[in-house]
Amino acid sequence: MTAEVAPGEVLLECTDLVRRFGGVAAVDGVGFGLRAGEVSALIGPNGAGKTTVFNLLSGFLAVTSGSITWRGRDITSAKATARAGSGLVRTFQQPRVFAALTVHQNLVTATHAVVPSRVSADLLGLPGARRRARQRQGFADELLDRFDLAVHAEVKAGDLPYGLRKRLGLVLGVAASPRVLLMDEPAAGLNDAEVELLKQDLATIRGSGVTICIVEHHMGLIMSVSDRVMVMESGRMIADGTPAEIANDERVVAAYLGQGATA
Amino acid sequence: MKSGSVKAFFKDRTRIGWVAVVVLAVFFATIGDPTYIHLGSLVAIWALWGSSFNLIWGYAGQFSLAQVGFGAVAGYSVAILTARWGWSFWAAVPLAIALTVLFSVVVGYFSLRLSGFYFAIMTLAFALLVVRVISSSELAGRSTGIKSNFDIGTISLGPLEWNLTSRTGGFVLLAFVLLAAVLAFIGRIERSGTGWALNGLREDETLSRSLGIEPLRFRLVGFMVSAVIAAIGGILYATYLRYISPGFFGLPAVIAMIALVVLGGRGFRFGPVLGAVVYIGITQWLEVGGEWGDGVFGALLILLVLFAPKGLLGIDLRRLRRRAEPPPPTDDDEPVAARPVPRRESQGVKA
Amino acid sequence: MSSELFLQALVNGLMLAALYALVALGLTLIFGLLDVVNFAHGQLILLGAYVLSSIVDIGANFWVALPLVVVGLVVLGVVLDMALFARVRDEPINGLLISLGLVAILENAFHVIYGPDLRRVAPPIDAVIDVAGIRISGNRLLVIVVTVFVLVALSYFLRRTRTGKAMRATAEADEAAGLMGIRVERIRHIAFAAGAGLAGLAGVLMATVYPIEPSLGEGPLIMGFAALILGGSRSPLGAVLGAVVIGMVQSFGTTYLSSSLADVLVFAFLILILFWRPQGLLRARLETAL
Amino acid sequence: MTHRLRRGRRALTLLPVALAFTLVAACGGGSGGSGAAASGDFDEMIKIGINESVTGPAASNGAPFRDSARFAIDQVNADGGVTVDGKRYGFEAVERDNETDPQKAIGIAQEFSRDGVKFVLGPGISSVFSPAFESMQGTDSLVFSAAGVATSLVGKPEAQNLFSPINPQAGTAGLIKDAADAAVEKFKPARAAILLPNDPLGELHGNGFKTAFESAGVQVVYNERFGSDTVDFAPYVTQLKALNPDVVVIGPLDRWVEPILTEATAAGFTTPAFIGSPGVSQAPFGKFPTITKAMVTMVTRAVDNPADTSLDAFRTAYKAHFDKDPGPSSFWSLIYFDSVNMLARSMQVAGTVDDLDAISRTLLSSPEVTKYPARALDLKYDEKHQAHYPIQHQFIIDGQRSYVG
């Protein structure tokens, strides 16, 4: 939308992230950067702190210490909404959708970050409000087409089957026009066909210039879509490299022992 | 998909609601009988209060019990300004509304960070606090109450004179015009980005935040707008009764306001209108159930919550008729988010 | 003189605290296990008081009537929960709305059946305790003693009995409790019944010190909510603590300031506490409390 | 999708259905039961509207007011009603309960004006009367109201057909001043306390007592209003006990007196004289033998005093209507008794049942209007339509009752 992003520029960077719950450090000194255009994955056994890292990056949790920068600006204490507004968007492991609204209404609501509401204009009915309403509709229609959701447009999101709800959750993230999209286990609970669809979606999203970071357990998916894999265990980063390097890393294998790391 | 038929339908829905409001207004304002002027004024006033609560709860998902308190602040402001200090009614109204909005910001500042039960109790505490402060304030006539200015003059429209004095057909018309303006305004919010944001926050605050919707900002806006609507209701109430006392604004009024919104259909723009008609009809007019009138109203509320939680406008007659058929398939994997879900049918597709 | 005034205010406040504690405990059980904000609690209290007066009117002894009323309200609690509240479990707000309907019905019934006049129950104890000029009537002392007894018993029940432990587990995590074989629905019925029983007991005790009338439910309800909030909403111990705070604010406020100011004080205090410490004075839960 | 659309449309059909329902109901609405006058004895009935708070927060006032109105109407009929131009008219009660809800009271007032009910009793509660009376102004009706604020309205141009049947309750003369003076004379207090509810009546009485005490040189050391929903009086009694006044004014209804005396007894605070603000009967004092000094003022007259033989005819009428002898609180039954009886006589004397001005004038000026059986008060209306009658106080000292006035 605004200033173009140079390929390879570090968009999001965190250093020495620490988050404690009570006495326990769920995230303990994690640091990495996400480069524009890259698809990275954050993996690790359950309880390794992956989702916590996402919560810290997206502003849903406050850091205990450490810093986060977004395109060179310090956003460590910025609000979640401000981060989302500037293009740092996340999705959720549980499929979060606006259950009582239709799919189309969900998408219109999600365009908030792209077409921000001017409250005064809305309340006074200024011409700008109408223009923005049209923009939202147009944007939502476009997404319906792009992700083949048009057939479900008038279905209440709460009535969708699990897989579709999950997918809608992903598209809502896309609707917020992210520069970086943090996806929390997008494949969890999906069947094989749905995972294939997800791969296509990831490609579409990536193709539109979005930088992606995924927390995921589905190794097949990760190995096929990621440029880079980061591995966490007990709150620490234990490996960071290409999928091939990671697959052969001893510590990673140890951490995943018995979990079919190379499935 | 959501094309011509949706629009036709949307128009149809709204049209029926508007026709109902116009019919009510004409009926109550022109029949000329004092009883119907009385009932019409009360219907319009309670519909306004209901709309205020409907906006903040049905649309924005905030179960705010402070609305009656907002009405009290506005009603008292006008009464004190006009009857005690001799202001003209039309000068007092803007100031009263401004004071109410200011108060709503204070209440919002304290309460909007809370959710659920805490929010409800915090707002209730403010509403009751207002009543206590009024009952001990000499200026507000303590618990005796004070007279309010009711002779709000006439409007000249060329050769036509519109007499607005309370307890005339003109006043009923004024009340309905204001109600219609509020309903139109709520319709505008429905279709705007602000409306979508409020909707989103009601449905899922976490998801909304992840999409850049700032909860506090939009809720405060919703709160202030709902306070303005409640203020209009409160001012009309004081003007209509020609007298205002703290007894009008206690817990029973809070309960009535909630009940009529539930009855009509939470989240439906015209729900409070229907709710007010039923509420005034049962308790003030038909005396349904005689001395058991309040009990009948309570029983009706319970029955609706059990069997038609979306209210009268949300009753699905078609589904009732083909009850023999199995319910539409739902997803069994996971329960749908357990939230009170006011339904909004309007697609917002108006371009 | 002034220390006497202070001590008398303290004693007065203690009884208020005891009464509010019973109300708040009932509300806490129902809110903690069922997520229902029970606005009809005030009417249940009043129902207890009215039924007591009816039973005493037909000649029964107070000490016979007391358990009858409590048992009656427990049964009513089970019936209400099974017939109404259990049907809207997935939407707690609907529980609140149903309770509003009950408020209208019960209050109407009190008006029609008992009329607007004050009713009085002959106080069971006709004695006044006087310690160095600080006086408390036997009936007020009874309220405090019974409340303390109920607190101890409830604490024992929640800590030591199977059902009590199951309640704590359900309050903490109902799904997990269900997986562990606890019959969650049954536990909820019990919680509502216990809440209603506590309301009935509060009503009985109230009728021994106050005259009763149809609109009497509102005051204890609001103060019960306030105590509940102060205590952190799901903690029995917190509710008791909250009740003590509210009772004392009311008693001392009325004694040293004025009554209208005392009420304003209670609400202002509540608003400030909610604002600064929304988790309440105590963060304890059913599981850890008492 | 189509499913959803149709569903929505159907749902909305309910609104017009409700409207239709409303319209149909409108034609039959507003009717209701009315009094039990035996209309068979009369050629025609004159409707007397009763708009009182029989239920709701003020029911403890409103219900006796309603009973008083019924009694008065019953009495007029028992005495043969009104005969004008050879036609016999009876009074017919049109009873409406406003539930202490001003909205309802206004609705009732408007219903009366629509149905041509020209004579109205009530509302007798100030907070309900004020809004309701606003809507009776300018309508063609004659109103008797026991509400405290009626005393301050009568005589004003906007209240030309309003009558206040109780002696002025505040100000320089009347019930309150008289009560305070009687208390001062009897108990010779140096320090007085006033504990009344925070409602219109409490406000009126409290201010009246304070003014009267202070002008009599009595120091008012405590002047408090408790909330109308107060049940726990222990803190107030604690405060009072610490101040140790010589007289304590409580009331103005029995319902407040009993709980206060209960706490006073428990607190051992029995030395002062307790003054029942007008409206309190002697009944509650009898239940507290340790309280030895008390005074009550009759709002009307102590109709249960057997020594007062001038009331014998009234007591017979009372027993015929209520089927029991008058008790300590029966003074309420007189609120509208004389006024309604006098109204009937004025119609008779003026020779009209619908010329309100003529009826009003006769009510004020003709000595004939007081000539009916069972007359209870020596009540007269002044030119402002304010009632006056001798005020009676009752002292209860060590269980012995004595009357003054």
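The shown structure was predicted, so the numbers you read here are calculated from the model rather than taken from an experiment. (Residues numbered from 1 in each chain as written. Chains lettered and ligands numbered in written order. Predicted model: local features only at pLDDT ≥ 70, side-chain atom pairs only at ≥ 80, totals over all residues. Heavy atoms only, no water.)

## Some words on unusual backbone geometry
Residues and elements named next belong to chain D. As a reminder of what qualifies: Note on conventions: DSSP H or I runs of at least 4 residues are helices, E runs of at least 2 residues are strands, and numbering of each starts at the N terminus. Throughout, exposure labels follow a simple rule: accessible area from a 1.4 Å probe, protein chains only, divided by the maximum for the residue type, with under 20% read as buried, over 50% as exposed, and the rest as partly exposed.
The amide bond that connects G122 to the next residue, P123, takes the cis arrangement and shows omega of -5°. Turning to its location among the elements, P123 is positioned in the loop between β4 (119-121) and α4 (126-136). The linkage connecting G251 with the following residue, P252, adopts the cis geometry, with an omega of -5°. Along the chain, the position of P252 falls in the loop between β9 (247-250) and α9 (254-267). A positive phi is found at T100, a non-glycine position, where the angle reads about 55°. Of note in this structure, A374 is not a glycine but carries a positive phi near 65°. When its relative accessible area of 7% is taken as the criterion, A374 is described as buried.

## A word on a nonpolar patch on the surface
For the record, the criterion: Any residue with relative accessible area above 30% and no salt bridge may belong to a patch, with like charges joined within 9 Å and the nonpolar Val, Leu, Ile, Met, Phe, Trp and Tyr side chains within 5 Å. Accessible areas in this description were obtained via Shrake-Rupley with a 1.4 Å probe; residue shielding takes into account the shown protein chains only. One speaks of a salt bridge when a side-chain nitrogen belonging to Lys or Arg is within 4 Å of a carboxyl oxygen belonging to Asp or Glu.
A contiguous nonpolar surface patch, about 590 Å² in accessible area, is contributed by F6, L7, L10, Y256, L257, L261 and L265 of chain C. Residue position: L7 of chain C is located in helix α1 (residues 2-34).

## Side note on the packing of helix α6 (residues 169-191) of chain B against helix α9 (residues 215-241) of chain B
All names here are of chain B. Applied cut-off: Fitted lines through C-alpha atoms serve as axes, helices being fitted only where they are in contact, and the angles separating the N-to-C directions of these axes extend from 0 to 180 degrees. For this classification, under 35 degrees means roughly parallel, over 145 means roughly antiparallel, 65 to 115 means roughly perpendicular, and everything else is oblique. Two residues form a contact once any of their heavy atoms are found within 4.5 Å. Under this grouping Gly is polar, as are all residues other than the nonpolar Ala, Val, Leu, Ile, Met, Phe, Trp, Tyr, Cys and Pro and the charged Asp, Glu, Lys and Arg.
One way to put it is that α6 packs onto α9 with a least axis distance of 11 Å and a crossing angle of 175°. Our classification of the angle between α6 and α9 gives roughly antiparallel. Mapping the contact onto sequence places F171, L174, A175, L178, V182, F185, I186 and I189 in α6 and V225, I229, I232, L236, T239 and Y240 in α9. The residue makeup of the contact of α6 with α9, split by class, is 13 nonpolar, 1 polar and no charged.

## Considering the interface of chain C and chain D
By a frequent convention, interface size equals the accessible area lost on bringing the separate parts together. Rules: Accessible area that two parts lose when put together, with a 1.4 Å probe and added across both, is what the buried area reports.
Residue-level contacts link 28 residues of chain C with 26 residues of chain D. Both faces combined, the contact of chain C with chain D buries some 2100 Å², and carbon together with sulfur accounts for 55% of it. Counting across the interface, chain C meets chain D through 4 salt bridges. Notably, a salt bridge pairs R120 of chain C with E258 of chain D, separated by 2.7 Å at the nearest N-O pair. When contributions to the side of chain C that touches chain D are tallied by element, the ones reaching two or more residues are α1, β2 (134-137) and α10 (236-256) of chain C. The dominant element in the side of chain C that touches chain D, judged by the number of residues it contributes, is α1 of chain C, at 6 residues. A class-by-class count of the residues in the side of chain C that touches chain D yields 13 nonpolar, 10 polar and 5 charged.

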